[in-house]
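# Descriptive analysis of the structure
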Amino acid sequence: MTEPLALAFANTRSSPGRDRIATVERFRAWARPWPALAACVAAMPPDALPEVLARRDATQVVLHHLAAGEAPPAGELAFATAPGLARAEFRVRPAAGGVAVDDAGPEAVPQVLGRAVVDFLLGPQIAHLRRCQGGGCHKVFVSARADRRWCDSKVCGNRARVAAHARRSR
Ligand SMILES: [Zn+2]
């Protein structure tokens, strides 16, 4: 299953030193699988990126708290979900091969991302939100399996197994 947009967005910073959307070019490349968002991002000026990154960081804080079964901080929650439940300025319309966000310029980027977070928070998958237990890993994922601990068992799971083996053999 493809991860929801809100989670994919939060997971663009998988650890303190790894940011998949650190430049506007990388943000555009990351947005490509979501055509309506990609169209808005294509027109985004580079000086709009810091706000996107701040939104991503707030989204990550909110999801980390929720994955731990805690209430998220109010400031981060408000920022990550804005403009949230406010009346959308944009409409979805039919477009070649599917749908597009009507007349969307760069100002639609926060609308689409904030909406994605609201949709995730209000949807059924929130009950299965978990945070990866890998050391230094910031990723969140949705799993109905209570015993799933890693974002990716080949990456964080392997790392933990190697560390446990090293501890045992010491
Ligand atoms: Zn991980």
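What counts, and where the lines are drawn
- Residues numbered from 1 in each chain as written.
- Predicted model: local features only at pLDDT ≥ 70, side-chain atom pairs only at ≥ 80, totals over all residues.
- Heavy atoms only, no water.
- Donors = N, O, S within 2.8 Å, 3.2 Å for Na, K, Ca; no water.
- Tetrahedral: all angles 85-135°; square planar, octahedral: opposite > 155°, others 65-115°.
- Helix = DSSP H or I, 4+ residues; strand = E, 2+ residues; numbered from the N terminus.
- Salt bridge = Lys/Arg side-chain N within 4 Å of Asp/Glu carboxyl O.
- Buried < 20%, exposed > 50% of the residue type's maximum accessible area, 1.4 Å probe, protein only.
- Arc of directions from axis to C-beta.
- Contact = heavy atoms within 4.5 Å.
- Axes fitted to C-alpha atoms, helices over the stretch in contact; angles between N-to-C directions.
- Parallel < 35°, antiparallel > 145°, perpendicular 65-115°, else oblique.
- Left-handed = near helix turned anticlockwise from the far one by under 90°.
- Nonpolar A, V, L, I, M, F, W, Y, C, P; charged D, E, K, R; others polar.
- Core = buried A, V, L, I, M, F, W, Y, C linked by side-chain atoms within 4.5 Å.

Here the focus is the coordination of the zinc ion. Only C132 (SG), C137 (SG), C151 (SG) and C156 (SG) from the protein reach the zinc ion as donors, at distances of 2.3 to 2.4 Å. One way to put it: the four donor atoms around the zinc ion meet at angles of 106 to 114 degrees, and that makes the site tetrahedral. Of note, the donors binding the zinc ion are all from one chain and are spaced C-x4-C-x13-C-x4-C. Taken as a pair, C132 in the loop between strand 5 (129–131) and strand 6 (140–142) and C156 in helix 7 (residues 153–169) lie far apart in primary sequence, 24 residues in all.

This next bit is on the pattern of salt bridges. Evaluated as defined, the whole model comprises five salt bridges. Notably, a salt bridge pairs D19 with R56, separated by 2.9 Å at the nearest N-O pair. One end of the pair, D19, is in strand 2 (residues 18–19); the other, R56, is in helix 4 (residues 49–67), and 37 residues separate them in sequence. Among the ionic pairs, R115 bridges to D119, the shortest N-O distance being 3.0 Å. With R115 and D119 both in helix 6 (residues 108–122) and four residues apart, this pair spans about one turn of that helix. Judged by relative accessible area, which is 45%, R115 ranks as partly exposed. Judged by relative accessible area, which is 41%, D119 ranks as partly exposed. A network of salt bridges, in which partner residues are shared, links R13, D19, R56 and D57.

On to helix 2 (residues 24–31), then. Looking at helix 2, one finds that the buried residues are V24, F27, W30 and A31. Each buried residue of helix 2 sits inside an arc of 120 degrees when the element is viewed along its axis, so together they form one side. On its buried face, helix 2 sits against helix 1 (5–10), helix 3 (35–42), helix 4 and helix 6.

Here the focus is the packing of helix 4 against helix 5 (residues 74–81). Where helix 4 contacts helix 5, the two axes come as close as 8 Å, and the packing angle between them is 125 degrees. Looking at the two axes, helix 4 sits oblique to helix 5. For the element pair helix 4 and helix 5, the recorded crossing hand is left-handed. Counting all contacts with helix 4, which are made through E51, A54, R55, A58, T59, V61 and V62, the residues of helix 5 involved are E76, L77, F79 and A80. Tallied by class, the residues present in the contact of helix 4 with helix 5 amount to seven nonpolar, one polar and three charged.

Attention now moves to the nonpolar core. Core analysis: the biggest nonpolar cluster contains 22 residues, and F27, W30, L37, V52 and V109 have the highest contact counts within it. Among the elements of the structure, helix 1, helix 2, helix 3, helix 4 and helix 6 are those that each provide at least two residues to this core. Sorting elements by how many residues they give to this core places helix 6 first, with five residues. What W30 contacts, discounting residues up to four positions off in sequence, is L5, A8, F9, T12, R20, I21 and L37. One finds A6, L7, A10 and V140 within the second-largest nonpolar core, a separate group that totals nine residues.

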